[in-house]
Amino acid sequence: MSCGSKSGAGCASGKGCGCAGGQTVDAARRDFLHGAAASAVTLLAAGVTLYSFGPAPAAARAPGERASSSVRYGLLIDAAKCGDGCNECVTACQTENGWRDSGHPQTDAQWIRKLTVKNPKNGATFSLPMMCQHCTDAPCVDVCPTGASFRRADGIVLVDKHTCIGCRYCMMACPYKARSFVHEPLTDQKAHAPRGKGTVESCTLCVHRVDAGRIPACVEACNDTGGGAMLFGDLNDPNSEIAKRIATYRTTRIRADLGCDPGVYYRNI
Amino acid sequence: MAKIAYQKLHTHRPHYWGVIALNAVILAAGLGAAYYMEHRGHIVTGMNNQVVWGMPHVFAVFLIVAASGALNIASVSSVFNRAEYKPYARLSGVLAIALLIGGLAVLVLDLGRPDRLIVAMTTYNFKSIFAWNIFLYVGFLVIVAAYLFVMMDSYASRSNLAAKAVGGLAFGWRLVLTTGTGSIFGWLVAREAYDAAIMAPLFIAASLLYGTAFTVLALMLMGQAMRQRLMSDEMAGRLRGLMAIFALAVLYVTAVHHLTKLYASERHGIERFLLLDGGIYTVLFWVGQILIGGILPLAILAAPRLGHGRTAIGVAAGLFLIGGLAQMYVIIIGGQAFPLILFPGMQVTSSFFDGQVATYRASLPEILLGLSGLSIAVLVIGFAVKLLPFLPQPAR
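Counting restarts for each chain: residues are numbered from 1 in the order of the written sequence. Labels follow written order: the first chain is A, the first ligand is 1, and so on. Local features in this predicted model are restricted to residues whose pLDDT is 70 or higher, and side-chain atom pairs enter the listing and the counts only when it is 80 or higher, whereas totals over whole chains, interfaces and linings include all residues.

Asks: Describe the overall build of chain B, naming the residues involved and giving the relevant values.
Replies: In DSSP terms, a helix is any run of H or I states spanning at least four residues, a strand is any run of E spanning at least two, and both are numbered starting from the N terminus. Each helix and strand in chain B was counted, giving 13 helices and three strands. On the principal axes, the C-alpha backbone points of chain B span a range of 70 × 50 × 40 Å. Any two residues are considered in contact once their C-beta atoms, placed from the backbone, lie within 7 Å. Contacts in chain B between residues far apart in sequence, at least 24 positions, make up 77% of those at least 6 positions apart.

Laid out in structure tokens, this is it:
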């Protein structure tokens, strides 16, 4: 199991995050080997590769291994490299997690979206992707009556699809409008990203990929075919690329004034 | 002190059964609407990812807030030792239970997964004010039921001590309950319209007004059905005064709430939206809540001769309740319609309607579900007064 359930590689909180199906041990091993190979290439190609593609995150978790609180996964997004018309991260997230446009824009889920921000005084604009900010003190987690909204030990905020009652209080509480309610019956779901009519969902930081030692789909797509604006990694590891850059450059977190300690950092906004 | 006599709803006009039948039909329609929403998903409502709580929440919160206030008369009689209110205390208690059951039913049936009610009742996150409210609501039902028991049981009611003790507990509990309901909104730090501690006292003031107005209407409509005057002239005068005081309290707290936000530059956007150019929300605030639900009924009650008449008091109570629904609509829907501020001072656009005022139009299933909460309350009251002596004897 890549994302952890109560019986498998458990989330550190002891909760399932709602995987409908898990990978086989062979598949997990294959993913692990892929991750290991990618890490080896990254190490060999040194600096250039590191900056172009971002580092591989911490190694894949073994089956049964709990998420570690020594890790804090996060993102660094450089708005200067985020093209206004580029939608690669959104498309990749849709493909990876199976949410799509059903022709009802008011009610369709959006796990990640592109924002265009304009200064009305001088017309200056910038563009950035917005998704769950995976806050340490997440308001969605605080208000959830059943505890279905929860934060893993490694900082990833998820919804337990088995205990979400669809009250939508988390959507009222989220400062980022990062959550969507499933308004219609669904078909063709991805086994690693279960969804359910009448429940709330949001960006999982591609927890199934992260647990397999891979980077989130949006980051991969941004680096492959987008502007290379997104970097994923362990904020707690001072030697990680993301931690180094955050320590070097001036970064901003959206609505930092609320004190929620978001795990997503932005540059050049 | 003379023993107070109570009565059941023995004889009544035929239209009593008409009212029961009408509300049974509305309840059936509401249950059908809930099934339809559960089966098809919330796509059949006017709700969306911008306005996540719609018309069912307006009715549900309105009824829950009113339930707490409906206990006013019982509290005044037991806790504050005002004997003249005692004949109305039982009806006050059963009205509180009926309104709360109606509100909770709507709240549960509007869940995305109402079939998981058992999860909500067994799995708790104790940091959630929503979870606290589950205990507050269930506790309120149990305490008011116990309160009714000690008021009605022949042995327990021999002494006023038991009623005073349980009544005191119910009085404290209802204040905490309404504080909890107001805090569901007041503690939402990210939304411009909420994030205010004053929402708890605002909801308490509103509960006192709605609950008393419901009590007045219940007494008048029951009396009409029985061809009796259940409310003495003295009590009509007292209820008139209470409603006026509570309405002034709602207006005062509402004014302080908005003035506080108006003083902060960062909140000018939401205040401009609600008070000046928010379309339906601005109209509902000024015309619905303030004019129809505040100034007009207050003027009626204050009118030298007109204001003392029973019809005037009944009309005023009805207007207060219409204003209450408008108030809840503005708070709940209007508060969500205003966009979240991600970048203060900047214009934000996206395919997810960032930076835009959200659209919302309640669908028929939502309205039926909301109305069915009111019907549940009417049916509970309607049958309760036939089964047990909750009603006062005719006034002399």
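Asks: Go over helix 9 (residues 233-263) of chain B with me, naming the residues and quoting the values.
Replies: Look at helix 9 of chain B: 45 Å from first C-alpha to last across 31 residues, which is about the 45 Å you get at 1.5 Å a residue. Residues of helix 9 of chain B that are buried sit in contact with helix 8 (199-226), helix 10 (268-277), helix 11 (280-302) and helix 12 (310-337) of chain B. One less than the number of residues in a helix, times 1.5 Å, gives the span that helix is expected to have.

Asks: For the interface of chain B and chain A, give the residues involved together with the corresponding values.
Replies: At the junction of the two partners, chain B supplies 37 residues and chain A supplies 45 residues. If one sorts the elements of the side of chain B that touches chain A by residue count, helix 6 (residues 129-152) of chain B sits on top with four residues. Strands are treated as partners if at least two bridges between them are detected by DSSP. Here strand 2 (residues 112-118) of chain A pairs with strand 2 (residues 347-349) of chain B via three bridges, running antiparallel. Opposite Lys-118 of chain A, over in strand 2 of chain B, you have Gln-347 of chain B as the bridge partner.

Asks: Would you mind going over the sheet that holds strand 3 (residues 125-131) of chain A in detail, with residue names and values included?
Replies: Spatial ordering of the open sheet is given by 3(A)-2(A)-2(B), a layout of three strands whose pairing is antiparallel. Every other strand in the sheet has two partners, leaving strand 3 of chain A together with strand 2 of chain B as the edge strands with one partner each. For this sheet, the mean inter-axis angle between neighbouring strands, taken without regard to orientation, is 30°. Angular values range over 0 to 180 degrees, each being the angle between N-to-C directions of two axes fitted as lines to C-alpha atoms, with helices fitted over their stretch in contact. Relative to strand 2 of chain A, helix 2 (residues 88-97) of chain A is tilted by about 160°, and along the sheet it contacts strand 2 and strand 3 of chain A.

Asks: Can you break down the sheet that holds strand 8 (residues 230-234) of chain A residue by residue, with the values?
Replies: Residue and element names in this part refer to chain A. With respect to topology, three strands assemble into an open sheet ordered 8-1-9, the strand pairing being mixed. Where the open sheet ends on each side, the last strands, each with one partner, are strand 8 and strand 9 (264-267). Across the sheet, the axes of successive neighbouring strands diverge by a mean angle of 20°, strand direction being ignored. Judged from the five bridges that link them, strand 1 (residues 73-78) and strand 8 form a sheet pairing that is antiparallel. Among the inter-strand pairings, Tyr-73 is bridged to a residue of strand 8, identified as Asp-234. Packing of helix 7 (residues 241-248) onto the sheet brings it into contact with strand 1, strand 8 and strand 9, and relative to strand 8 it is tilted by some 110°.

Asks: Any chance you could break down helix 4 (residues 89-109) of chain B for me, citing the residues and the numbers?
Replies: Taking 1.5 Å as the rise per residue, helix 4 of chain B with 21 residues should run 30 Å; its terminal C-alpha atoms sit 31 Å apart, in good agreement. Partly exposed residues are those whose C-beta has more than 12 but fewer than 20 other C-beta atoms within 10 Å; 20 or more makes a residue buried and 12 or fewer makes it exposed, with C-beta atoms placed from the backbone. Burial within helix 4 of chain B is extensive, with 20 of its 21 residues counted as buried.

Asks: Describe the pairing of strand 3 of chain A, with residues and values.
Replies: All names here are of chain A. Extensive coverage of strand 3 is indicated by the burial of five of its seven residues. In the sheet, strand 2 pairs with strand 3 via seven bridges, with the strands oriented antiparallel. Paired with Arg-113 across the bridge in strand 3 is Met-130. In sequence, strand 2 turns back onto strand 3 through a hairpin of six residues, with Gly-123 there showing a positive phi of about 80°.

Asks: So what's going on with the nonpolar core? Residues and values would help.
Replies: Judged by nonpolar contacts, the single largest core of 198 residues is most densely connected at Leu-99, Leu-209 and Met-243 of chain B. Apart from residues no more than four positions distant in its own chain, Met-243 of chain B is found in contact with Leu-209, Thr-212, Ala-213, Leu-301, Ala-316, Ala-317 and Phe-320 of chain B. Working definition: the nonpolar core is a set of buried Ala, Val, Leu, Ile, Met, Phe, Trp, Tyr and Cys residues, joined through C-beta atoms within 7 Å.

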